[in-house]
Amino acid sequence: MEERRIASAVIKRMPRYYRYLGQLIDNGIKKTSSKELSALMNITASQIRQDLNNFGCFGQQGYGYDVNSLYLEVKKILGINHAHNMIIVGCGNLGQALANYKNFGNRGFNVIGIFDKNPETFKVSIRGVSVSDIEEMPPFLKDNEVDIAVLTLPKEAVYQVATLLVDHNVKGIWNFSGMELVLPDRSVIVENTQLTDSLMTLAYRLNDRRQLEKHRDQLRDSMKTVR
């Protein structure tokens, strides 16, 4: 059977579909159309149809989409129709903030362990999970099925910890260390997250708007001079 290759841009849009469909359900809306979703999501109706058609035929001509059915299908596509056990390695400010984020649990991502090397953090319990010494992580991984490890570590510690995770059959790593983690073991999927990338994108858009406004002002001033 030929492996399907879905464009990464499409995959990155799927969580948005899931989120907006959830909002429609919360508002009691039972059916929608690509045109209505387009107005909500600022994506063209054609793009929405193309994205969803990558995974199957979910709508009916003349009716649109059943919101609840499509929501459940997108949930399956994203693989969140079943729970994922997750650990957090690194319990600094970012690690604690992620551990406190209640919507992980709402999406089926269950934090079952938190690890750090600082003895001061061992006194901390976050949402019912106590912080443990990172030295205790190998036996924990052996005794518990962990799907995803979240790394909020200093850069210099990332590869050592990642290797340990791979050796204990953790298949997904969400890396917040600030460095691009590349592992030779293809059975492990790494998602590198750069927190400042989105902020710099915002800075670019702000600067772009300033330049546009400046150009408009110059054009307006030149027209006044001509008059």
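It should be noted that the structure appears before, not after, this text.
Basis of the calculations
The numbers attached to residues start from 1 for each chain and follow its sequence in the written order. Thresholds applied to this predicted model are a pLDDT of at least 70 for local features of residues and 80 or more for the giving and counting of side-chain atom pairs; totals over whole chains, interfaces and linings are not thresholded and use all residues. Hydrogen atoms and water are omitted, and side-chain values are computed over all heavy atoms in the structure. Strand pairing follows a simple DSSP-based rule, namely that at least 2 bridges must link the two strands. Helix and strand labels come from DSSP, where a helix needs a run of H or I of at least four residues and a strand needs a run of E of at least two; each type is numbered from the N terminus. Call a crossover right-handed when, viewed with both strands pointing away from you, the route from the first strand across the helix to the second goes clockwise. Only protein chains enter the accessibility calculation, which uses a 1.4 Å probe. A residue is then buried if its area is under 20% of the maximum for its type, exposed if over 50%, and partly exposed in between. Pairs were defined over the aromatic rings of Phe, Tyr and Trp, the Trp ring being its six-membered one, requiring ring centres within 6.5 Å. Orientation was assigned from the angle between planes: stacked under 30 degrees, edge-to-face over 60, tilted for the rest. The salt bridge criterion pairs a side-chain nitrogen of Lys or Arg with a carboxyl oxygen of Asp or Glu, the two atoms within 4 Å.

> Looking at this structure, I do not really get the pairing of strand S8 (residues 172–175). What am I missing?
If a strand is regular, its side chains alternate between the two faces of the sheet. Across four bridges, strand S7 (residues 148–151) lies against S8 in parallel orientation. Residue alanine 149 lies in a different strand from S8, and its bridge partner there is isoleucine 173. In this region the chain leaves S7, passes through helix H8 (residues 155–167) and returns to the parallel neighbour S8; the handedness of that crossover is right-handed. One ladder, built from four bridges, connects S8 with strand S9 (residues 189–192); its direction is parallel. Bridge assignment links asparagine 175 to a residue of S9, and that residue is asparagine 192.

> Is there a simple way to think about unusual backbone geometry in this case?
Most of the time, phi is negative for any residue but glycine, and the peptide bond is trans. In this model, asparagine 42 sits at a positive phi of 60 degrees, which is unusual for a non-glycine residue. With relative accessibility at 74%, the residue asparagine 42 sits in the exposed group. Here asparagine 169, not a glycine, exhibits a phi torsion of approximately 65 degrees, which is positive. Looking at where asparagine 169 falls in the secondary structure, it is placed in the loop between H8 and S8.

> When you look at the packing of aromatic side chains in this model, what are you seeing that I'm missing?
Here the distance between the centres and the angle between the planes together describe a pair of aromatic rings. Following the criterion strictly, the structure yields five aromatic pairs and no others. On the numbers, 5.9 Å between centres and 80 degrees between planes, the contact of phenylalanine 104 with tryptophan 174 is edge-to-face. Of the two residues, phenylalanine 104 is situated in helix H6 (residues 103–106) and tryptophan 174 in strand S8; the sequence distance between them amounts to 70 residues. The class for tryptophan 174 is partly exposed, based on a relative accessible area of 24%. An angle of 70 degrees between the planes, with centres 5.2 Å apart, marks the rings of phenylalanine 115 and phenylalanine 140 as edge-to-face. One end of the pair, phenylalanine 115, is in strand S4 (residues 109–116); the other, phenylalanine 140, is in helix H7 (residues 137–143), with 25 residues separating them in the sequence.

> Before we go on, may I ask you to explain the pattern of salt bridges in this structure?
Tallied over the full model, the rule gives two salt bridges. Of the charged contacts, one joins aspartate 51 and arginine 13 as a salt bridge, the two residues approaching to 2.7 Å between their closest N and O atoms. Here arginine 13 lies in helix H1 (residues 8–26) and aspartate 51 lies in helix H3 (residues 45–53), a separation of 38 residues in the sequence. For aspartate 51, a relative accessible area of 1% corresponds to the buried category. For arginine 13, a relative accessible area of 19% translates into the label buried.

> When you look at the pairing of strand S3 (residues 84–89) in this model, what are you seeing that I'm missing?
Counting buried residues in S3 gives five out of six residues, a clear majority hidden from the surface. Judged from the six bridges that link them, S3 and S4 form a sheet pairing that is parallel. Bridging from a neighbouring strand, isoleucine 88 pairs with isoleucine 114 of S4. Relative to S7, S3 is paired through four bridges, and the arrangement is parallel. Across the sheet, the residue bridging to isoleucine 88 is valine 150, located in S7.

Keep in mind these numbers describe shape, not what the thing actually does.
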